[in-house]
Amino acid sequence: MTAVATPTRTRDEELLALYSNPDTCPADRLKPVPLIEEQAFVAWQQDIPREYLRVSPEELDQRIRAARAYLGKRLVILGHHYQRDEVIQYADFTGDSFKLARHAAEQKEAEYVLFCGVHFMAESADILTRPEVRVILPNMAAGCSMADMADPDDVYAAWDEIHEVLAGSGSKVIPITYMNSAASLKAFTGEHDGLVCTSSNAPKSFDYAFERGDKIFFFPDQHLGRNTGYAKGIPLDQMVLWNWRLPHGGLTPDQIRKAKVILWAGHCSTHQRFSVEQIEKARRDYPGINVIVHPECRWEVVQAADDSGSTEKIVRVVTEAPAGTAWAVGTEINLVNRLAHENPDKTIFCLDPVVCPCSTMYRIHPAYVAWVLEGLVAGHVINEVRVDDETRKWSLVALERMLALP
Ligand code: SF4
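All of these numbers come straight from a predicted model, not from anything done at the bench. Throughout, residues of each chain are indexed from 1 in the direction in which the sequence is written. Owing to the predicted nature of the model, reporting of local features is limited to residues with pLDDT of at least 70; listing and counting of side-chain atom pairs is limited to 80 or more, with chain, interface and lining totals taken over all residues.

### Examining the site of the ligand
Then, number 1: The C-beta atom of each residue is placed using the backbone, and any residue whose C-beta lies within 6 Å of a molecule or strand is treated as near it. Lining the immediate surroundings of the ligand are 13 residues, of which Cys 144, Met 146, Cys 268, Thr 270 and Cys 358 lie closest.
Then, number 2: Each residue is assigned to one of three groups, with Ala, Val, Leu, Ile, Met, Phe, Trp, Tyr, Cys and Pro labelled nonpolar, Asp, Glu, Lys and Arg labelled charged, and all others, Gly among them, labelled polar. Split into classes, the residues belonging to the shell around the ligand amount to seven nonpolar, five polar and one charged.

Structural data, given as structure tokens:
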């Protein structure tokens, strides 16, 4: 009997099969492919010269390594924890946005910083590096859906409306923006006695704010704000949600006056996928398992977990855990898979078994890295991220307040 050859599946068919299987995650299974084959998965890509579309992963790897060798110490590559393995392998430094911000600030020799993260991270790197350093984002379409939920004009309007309500009360509001925001919002906090925070230092940023004011206006991530405030002992009913789509944020003047924290109604699509039900299932399937989640998860998820913290904390806690322990992790899948790979003596898996990559960070395919690096070799700076001087001045104030937190 003649065997029937299995037809080679297209990339779309492969993705469909993966999405249809609740036990798999695409980022867990997809092998490196030429960029052209990823276009169906990653829409809204930045245009790239056609010659990069069909280059094989092996050839891209050789070309990236050759360009790096040529550029030497003139180039530093930063890679966020959520970046895919095919790209993060080239990073000189890896970390969360806080750690990478510090690395960017410490660069004394580099002419170019290639930031394999998303747009707001590259902006922060540009603000923190010397003016002559050129910061490059491989794919300008690598944004952040959470950052995009806080349009600066909406935030400025909310600030004015909040102050109309509080006029004459003597109340002082300190704005805090999560690192995941546009540079103009970082500048806004700098100009208004506030600061930037990351998930690593959000609790300390709350201390800073309450030493200088009696209310916090926190944007764009409601969940990090709520989880931080709750951990600081602020009752949930004193943390109100400002929905920018509604008049006065959907709040009454009384709610605004009584609030300790006014939270912007933004969220991270990746971390919204984690649920209490997933935690309960993990506990049923693996009695005694440890559950650790990122504070961008919803409040009830953080409450149901054993621990929560920044990606840096998650990496540290899981890495330092004894052999033989089991961990269900509520954060982005590329990081969780890497942790599992690097800790074969432990059971480590992502709480969400279906689809949980940061889809915007995933837009940085090695073809984009090769494109911008070969541009540098040829003397062209492609995809430079540059923050204007006024925004830079006030953003730097806000970022330096963050970096100076104890
Ligand atoms: S994981 Fe969420 S918050 Fe982080 S970069 Fe991606 S979309 Fe933005």
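After that view of the structure, there is still more to cover.
### Section: the domain arrangement of the chain
Then, number 1: These domain boundaries are the output of an automatic or database domain assignment. Its domain assignment divides the chain into domain 1 (50-143 + 360-387), domain 2 (147-268) and domain 3 (271-350).
Then, number 2: One C-alpha centre belongs to domain 2, the other to domain 3, and the line joining them spans 28 Å.
Then, number 3: Class assignment of the residues belonging to the side of domain 2 that touches domain 3 gives a composition of three nonpolar, seven polar and two charged.

### Re the confidence of the model for the chain
Then, number 1: For every residue, the pLDDT score states the predictor's confidence, bounded by 0 at the bottom and 100 at the top. This prediction gives the chain a mean pLDDT of 90; 91% of its residues lie at or above 70.
Then, number 2: Overall, residues 1-29 carries pLDDT values under 50, and its contacts beyond four positions in sequence, including any with other chains, amount to 34 contacts. Residue pairs are scored as contacts if the distance between their C-beta atoms, which are placed from the backbone, is within 7 Å.

### A word on helix H17 (residues 366-377)
Then, number 1: Under the 1.5 Å per step criterion, the end-to-end length of H17 is 16 Å for 12 residues, consistent within 8% with the ideal 16 Å.
Then, number 2: Our exposure labels follow a C-beta count within 10 Å of each residue's own C-beta, placed from the backbone: buried means 20 or more other C-beta atoms, exposed means 12 or fewer, and partly exposed covers the counts in between. Strands here mean DSSP runs of E at least two residues long; helices mean DSSP runs of H or I at least four residues long; both are numbered from the N terminus. Among the 12 residues in H17, nine count as buried, and that is most of the element.
Then, number 3: Buried-residue contacts for H17 involve helix H3 (57-71), helix H4 (85-88), strand S3 (112-116) and strand S4 (134-136). To estimate the expected span of a helix, count its residues, drop one, and scale the result by 1.5 Å.

### Regarding the sheet that holds strand S13 (residues 347-350)
Then, number 1: Whether two strands pair comes down to DSSP finding at least two bridges between them. The four strands lie next to each other as S11-S10-S12-S13, forming an open sheet whose pairing is parallel. Of all the strands in the sheet, just strand S11 (307-308) and S13 have a single pairing partner and so form its edges.
Then, number 2: Looking at chain direction, strand S12 (residues 326-330) and S13 are connected through four bridges and run parallel. Pairing of Trp 327 across the sheet is with Ile 348, part of S13.

### A few points about the environment of Asp 148
Then, number 1: Take Asp 148: it is sitting in helix H7 (residues 145-148).
Then, number 2: Note on Asp 148: 16 C-beta atoms within 10 Å, which makes it partly exposed.
Then, number 3: Note: C-alpha distance between Asp 148 and Thr 391 (243 residues apart in sequence) is 18 Å.

### Thoughts on the sheet that holds S3
Then, number 1: Strand order in the open sheet formed by four strands is S2-S1-S3-S4, and the pairing between neighbours is parallel. Looking at strand neighbours, the two that pair on one side only are strand S2 (93-95) and S4, the edges of this open sheet. The mean inter-strand angle of the sheet, taken between neighbouring strand axes irrespective of direction, is 20 degrees.
Then, number 2: The pairing of strand S1 (residues 75-80) with S2 spans three bridges and is classified as parallel. Bridging across to S2, His 80 finds its partner in Gly 95.
Then, number 3: Angular values range over 0 to 180 degrees, each being the angle between N-to-C directions of two axes fitted as lines to C-alpha atoms, with helices fitted over their stretch in contact. Where helix H6 (residues 119-128) meets the sheet, its contacts fall on S1, S3 and S4, and the angle it forms with S3 comes to roughly 155 degrees.

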